[in-house]
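# What the coordinates show
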Amino acid sequence: TTTTTTTTTTTTTTGARKTCLAWGDPHLESFDGQKLNYYGIGEFWLVRSHMLSVQGRYEINPKWPKASVMTGFAVAGAAMRGHRLVVDNDNGDAKVYYDGTEILQAFPSTFTDDVMTARHEMSVTDHKRAHKQQGLLFLLPNDITLAVLRYTGKYTDLTISMPRWEGNVDGHCGNFNGNAKDDTTDALFGRGVLDPVHSDVSMFAHHVEGTASPALSINDCDEETRDRAEILCQGLDSEPHREACIFDVCMTSDDLMAGDDKESEELEEGFMVQRLISEDQRLQKGTHLGMVEGLAEFELSLDLTVHSAQPGWRSIVHLTDGPAHKNCCEEGDRVPALWLHPGNSRLHVRMSRAGSGNSGCDPKEELPFGQKVAIRVRVQGAYMLVFINDKVACVSGAYGDKFVPSKRVAVLAADPWYEAADATIGQMWYGPVRPLPLGELLDEQEVGLEKGTLLTRIQTFEEFEFKFDIRPRGRVDGWASIVHFTHDLAGNAAKEGDRIPALWFHPKSTRLHVRMSRRGSKNDGCDPKEELPMGVTSTVTVKLHSDMLTVMLGNRVVCTQSKYEDKFPALENVYVYAGDPWYEAADALVSNMVYAKDTGLPDGSLIGEETMLSRGALMGTVKGSANFALTFNILPIRVESGWRSIVHFTHDMTRNCCNEGDRLPAIWFHSKSTRLHVRSSRKGSGNDGCDPKEQLTLGRSTEVTVRVQSGQLEVLFDGRSVCTDTSYATPFAPEDRLVVYASDPWYEPATAKISNMKYERL
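The written sequence of each chain sets the order in which its residues are numbered from 1. The model is predicted, so local features are restricted to residues of pLDDT at least 70 and side-chain atom pairs to those at 80 or more, both for listing and for counting; the totals for chains, interfaces and linings are taken over all residues. Side-chain descriptors were evaluated using all non-hydrogen atoms of the structure, hydrogens and water having been removed beforehand.

## Focus: the overall build of the protein chain
Rules: Under the DSSP-based scheme used, a helix requires at least four consecutive residues in state H or I and a strand at least two consecutive residues in state E, with every element numbered from the N terminus. When a residue's accessible area, from a 1.4 Å probe over protein chains only, is under 20% of the maximum for its type it is buried; when over 50% it is exposed; and in between it is partly exposed. Residue contacts are defined here by distance: any two heavy atoms, one from each residue, within 4.5 Å place the two residues in contact. Computed by Shrake-Rupley with a 1.4 Å probe, the accessible areas treat only the displayed protein chains as cover when residues are assessed.
Within the protein chain, the secondary structure is distributed over four helices and 53 strands. Looking at the protein chain as a whole, 58% of its 762 residues are labelled buried. Pairs at least 24 apart in sequence give 66% of the contacts found in the protein chain among residues at least 6 apart. Carbon and sulfur atoms form 45% of the exposed surface of the protein chain, whose accessible area is close to 29800 Å².

Next up, the structure:
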């Protein structure tokens, strides 16, 4: 699959992952737990948001003509990265289309690309309507899961599980704001959420026109069916749930439409993802939890509370394959297995791969005592990752050749070969791995950097511009990670492509350390000399254009490196950390992070309104000429020691002097003076020019013109010639655009204001 990343802004999750249920004819339970019914015909928004959009299709089933049922759904949004998923249930023959192409036709079957993992297999839920039924599971980036739990009739039972993120969310699944009261039918109607989708925004190939929901009532049920329904629906968890159950049986005369007291929980649990432990339980040596079907690529997740450190290796959970179910160290003996290190709470994680029965990686940090933490072990692609509370704690890149377990993997918590860890375990699941997050950086919401935060995968470019805002809050003793782009999820600095780019703060400092791989050097870059101000938001730009790496603070160039003739190539699926898992995170807040293909240096209109000169301020570029006229107004405020830069035009933004083309022109004040020093290249000299004898008047604006024409360089004040140099018979003729600084990055700026700057080719 070929994917293209455009400039994006992130969606930051703001709430716990919850589930919306849609089942029957159709009943819905919103993300916030409100139960409602809707019996209209048409296509409707189940979820409408930036990250995920889901449309459901409601139609009449001839078997049950009194009410509509959901016959299919369609999925799009940022998480789908331009792709579209459609599940269409045609008289019990469910078809799955991905960008118009049918997938998952065989049973069982799987489909995986860089956006979605999908499976067509047997459900593992005990729910009476879904038990041993064929089902579909869709794992999307950003912790989104969709599960179709039964579709043998012409209807679809669907669960949508996702976290809450910034921005608007609404639809038949509600607005996910934690308040169930505003997800009632009346509330949704008042917001227009119950209106059918128009054909111009329909995500289905064949649009179904919408009609209003009929006013169906339980009173439409005949007495005999009503009595049977009430018996079947006894003991449900709530009155609305019981009433929905009675209504389903009445409208369909189908006893299987009756739920039980675990319906919501089991529908949410779904199938394929196997729940091993639900309630918290203390670990005990040799506890056999059962068998699972092993997966080459998987995710094992669990909640763990460590109570104390104990001597010796302490077992937490151990999945082991093969008829003997051994401890170590043949392939399959640990798939995976987790322990605590002797005498502390640091995790030891082992996972077989082809050629090694005992590979893995161990996080460096110890787990806190008495606090519940979420642990995830994932094998995906060439990697094994360990997450602690959703942060990458360690990663191994040795899993390109994976071990493929059998269908009978034993689950032990704890195992019989080691003493059990003094810990409580809960909510343990094992199932197919979901894709890593895609295409999302950080938006205007400030986010505190945390070690091991894997933001996304994106496409990179040979020439790029990467920009973000950062507000330092403190200093860290060692190198402090800010952001790290790497082509290898486990790659810090071992090879070219491990830093493309990567940024840190220097130890005990807010000075930037900027690295960017190139051919022949895995760790080149440049570091600005100045520190970022504490508690103040700075805009940082890292730009690679032509052979030049440039770092800017605001509009000021603060360092450059001109060794990038042979650049590292563009790649898809580059991983982005903020901060990375190898260094402590910088104590800073970041926001407004954007990565885009470079479009060249800004084509500046130069300067209009009066502007205070600032060192390294990049005004833009102009198309240069051998003969030109540069005009600007300058108001000196005071004199300073040393050469003081005013404006500097150059064909090489890294060079001050004295090759031909380095100054085209460049202008300074003399030390402790307002007398101009004017330089402009000509053939044979990169630093010729002339300096007027008179000084500019402090506190008064003067129009300055520098003109190269007819074999001479001339300087004028308010239209009056003040110096000339007649050696410009062959002025330097630039072949490319000129970079314009006001002032340049090599000298302190003049204490002056400049305005109305224009460059004219003659």
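## Overview of the sheet that holds strand E38 (residues 556–561)
To keep things clear, this is the line we draw: A pair of strands is labelled paired if DSSP reports no fewer than 2 bridges between them.
Within the open sheet, the six strands sit side by side as E29-E41-E31-E36-E37-E38. Their pairing is antiparallel. Each having just a single partner strand, strand E29 (447–448) and E38 make up the two edges of the open sheet. As paired elements, strand E36 (residues 538–545) and strand E37 (residues 548–553) share six bridges and run antiparallel to each other. Residue pairing for E37: Val540 is matched across the bridge by Leu553.

## Details of the sheet that holds strand E52 (residues 737–741)
Read from one edge to the other, the open sheet built from six strands follows the order E43-E52-E45-E46-E47-E48, with strand pairing classed as antiparallel. Both outer strands of the open sheet, strand E43 (618–623) and strand E48 (689–690), are each paired with one neighbouring strand and no more.

## Quick look at the packing of aromatic side chains
For the record, the criterion: Side-chain rings of Phe, Tyr and Trp (the six-membered ring for Trp) are treated as a pair once their centres are within 6.5 Å; stacked means planes under 30 degrees apart, edge-to-face means over 60, and tilted covers the remaining angles. Counted as over-ring charges are cases with an Arg CZ or a Lys NZ within 6 Å of the ring centre that also lie within 35 degrees of the ring normal.
Applying the stated rule across the entire model yields 18 aromatic pairs. Seen from their ring centres, Phe31 and Phe176 are 4.6 Å apart, and the 15° between their planes marks the pair as stacked. Of this pair, Phe31 sits in the loop between strand E2 (27–29) and strand E3 (35–37) while Phe176 sits in the loop between strand E15 (169–170) and helix H1 (185–190); the two residues are 145 residues apart in sequence, bridging distant segments of the chain. Each member of the pair, Phe31 as well as Phe176, carries the same accessibility label: buried. The interplanar angle of 65° and the centroid separation of 5.1 Å between the aromatic rings of Tyr98 and Phe111 together place this pair among those described as edge-to-face. Taken together, the residues span a long stretch of sequence, with Tyr98 in strand E8 (residues 93–98) and Phe111 in strand E10 (residues 109–112) at a distance of 13 residues. The class of Tyr98 is buried, set by a relative accessible area of 6%. One aromatic cluster in this structure is built from Phe461, Phe464, Phe466, Phe468, Phe485 and Tyr595. Seen from the ring of Phe204, Arg57 lies directly overhead, with NZ or CZ sitting 4.4 Å from the centre.

## A look at the nonpolar core
Taken as a class, soluble globular proteins show a tendency for nonpolar side chains to be buried jointly. Inclusion rule: Here, the term nonpolar core denotes a set of buried Ala, Val, Leu, Ile, Met, Phe, Trp, Tyr and Cys residues that are joined through side-chain atoms within 4.5 Å.
Grouped together as the largest cluster of nonpolar side chains are 43 residues, with contacts concentrated most on Phe138, Leu146 and Ile160. Broken down by element, this core gets its largest block of residues, four residues, from strand E14 (residues 157–165). What Phe138 contacts, discounting residues up to four positions off in sequence, is Phe73, Leu85, Val87, Val96, Leu104, Met116, Thr117, Ala118, Ile144, Thr145, Leu146 and Val148.

## Let's talk about the pattern of salt bridges
We apply this condition: Take a side-chain nitrogen of Lys or Arg and a carboxyl oxygen of Asp or Glu: if they are within 4 Å of each other, that pair is a salt bridge.
Under the counting rule described, the total for this entry stands at 38 salt bridges. Measuring nitrogen to oxygen at the nearest pair gives 3.0 Å for the salt bridge that ties Asp662 to Arg655. Asp662 gets classed as buried once you look at its relative accessible area, which sits at 0%. With relative accessibility at 28%, the residue Arg655 sits in the partly exposed group. Residues Arg720 and Glu694 are paired through a salt bridge, measuring 3.0 Å at the closest nitrogen-oxygen approach.

## A short note on the environment of Asp170
Put simply, the test is: Contacts described as polar in this section are N or O atom pairs within 3.5 Å, which, within protein, must combine one atom able to donate a hydrogen with one able to accept it, while residues neighboring in sequence count only if both atoms come from side chains.
Mapped onto the secondary structure, Asp170 falls in strand E15. For the pair Asp170 and Leu188, spaced 18 residues apart in sequence, the C-alpha to C-alpha distance is 8.8 Å. Here the side chain of Asp170 touches Arg191 through a polar contact of 2.8 Å, side chain to side chain.

## What to know about a negative patch on the surface
Heads up, the condition is: For patch detection, residues must exceed 30% relative accessible area and be free of salt bridges, and they are connected within 9 Å for like charges or within 5 Å for nonpolar side chains (Val, Leu, Ile, Met, Phe, Trp, Tyr). Lys and Arg are tallied as positive, Asp and Glu as negative. Neither His nor the chain termini are counted. For the purpose of locating charges, the reference atoms are NZ of Lys, CZ of Arg, CG of Asp and CD of Glu.
On the surface, Asp222, Glu223, Glu224 and Asp227 cluster together to form a negatively charged patch. Its relative accessible area of 62% is what places Glu224 among the exposed residues.

## Overview of the confidence of the model for the protein chain
To be explicit about the condition: Every residue carries a pLDDT, the predictor's confidence in it, which falls somewhere between 0 and 100.
Chain-level statistics for the protein chain give a pLDDT mean of 85 and a share of 86% at 70 or above. Residue range residues 1–12 is modelled with pLDDT below 50. Its contacts to residues more than four positions away, or to other chains, number 41 contacts. A low-confidence stretch, residues 260–272 (pLDDT under 50), is modelled with 48 contacts involving residues beyond four sequence positions or located in other chains.

## Overview of the side chain of Arg457
For Arg457, the location among the structural elements is in strand E30 (residues 454–458). Summary of buried charges: Arg457 has no salt-bridge partner, and the nearest side chain of opposite charge, Asp114, is 4.9 Å away. At 2.6 Å, the side chain of Arg457 forms a polar contact with the backbone oxygen of Asp114.

## Concerning the state of the cysteines
Filter applied, for reference: Throughout, disulfides are identified as pairs of cysteine sulfur atoms within 2.5 Å of each other.
Considering all chains together, one arrives at six disulfides under this definition. Covalent S-S linkage joins Cys328 and Cys329, the inter-sulfur distance amounting to 1.4 Å. Negative torsions about the S-S bond denote left-handed disulfides, and the value of about 85° found for Cys328 with Cys329 makes this one right-handed. Residue Cys329 is classed as partly exposed on the basis of its relative accessible area, which comes to 45%. A sulfur-sulfur distance of 2.2 Å marks the disulfide that ties Cys526 to Cys559.

## Topic: unusual backbone geometry
The bulk of non-glycine residues show a negative phi, and the bulk of peptide bonds are trans. In this structure, the amide linkage connecting Cys328 to the following residue, Cys329, adopts the cis form with an omega of 10°. Among the secondary structure elements, Cys329 is positioned in the loop between strand E20 (314–320) and strand E21 (337–340). Omega for the peptide link from Ala578 to Gly579 comes to -10°, which places this bond in the cis form. For Gly579, the position within the fold is in the loop between strand E39 (574–577) and strand E40 (584–585). Unusually for a residue other than glycine, Asp99 sits at a positive phi of about 55°. Asp99 sits in the partly exposed class, given a relative accessible area of 42%. Even without being a glycine, Asn756 presents a positive backbone phi close to 50°. Here Asn756 lies in strand E53 (residues 752–761).

## Some details on the environment of Asp401
Turning to its location among the elements, Asp401 is positioned in the loop between strand E26 (391–396) and strand E27 (409–412). Setting aside its immediate chain neighbours within four residues, Asp401 contacts Arg353 and Ala354.

## Digging into the environment of Thr751
Mapped onto the fold, Thr751 is located in the loop between E52 and E53. Assessed through its relative accessible area of 10%, Thr751 is described here as buried. In this structure the C-alpha to C-alpha distance between Thr751 and Glu640, which are 111 residues apart in sequence, comes to 7.5 Å. Among the polar contacts made by the side chain of Thr751, one reaches the side chain of Glu640 at a distance of 2.9 Å.

## Some thoughts on the pairing of E52
For E52, the buried fraction is high: four of the five residues fall into the buried class. Of the pairings in the sheet, the one linking E43 to E52 comprises five bridges and is antiparallel in character. Within the sheet, the bridge partner assigned to Thr621 lies in E52 and is Val739. Bridge analysis of strand E45 (residues 644–650) against E52 gives three bridges, and the strand direction is antiparallel. Its bridge partner being in E52, His648 is matched across the sheet by Tyr741.

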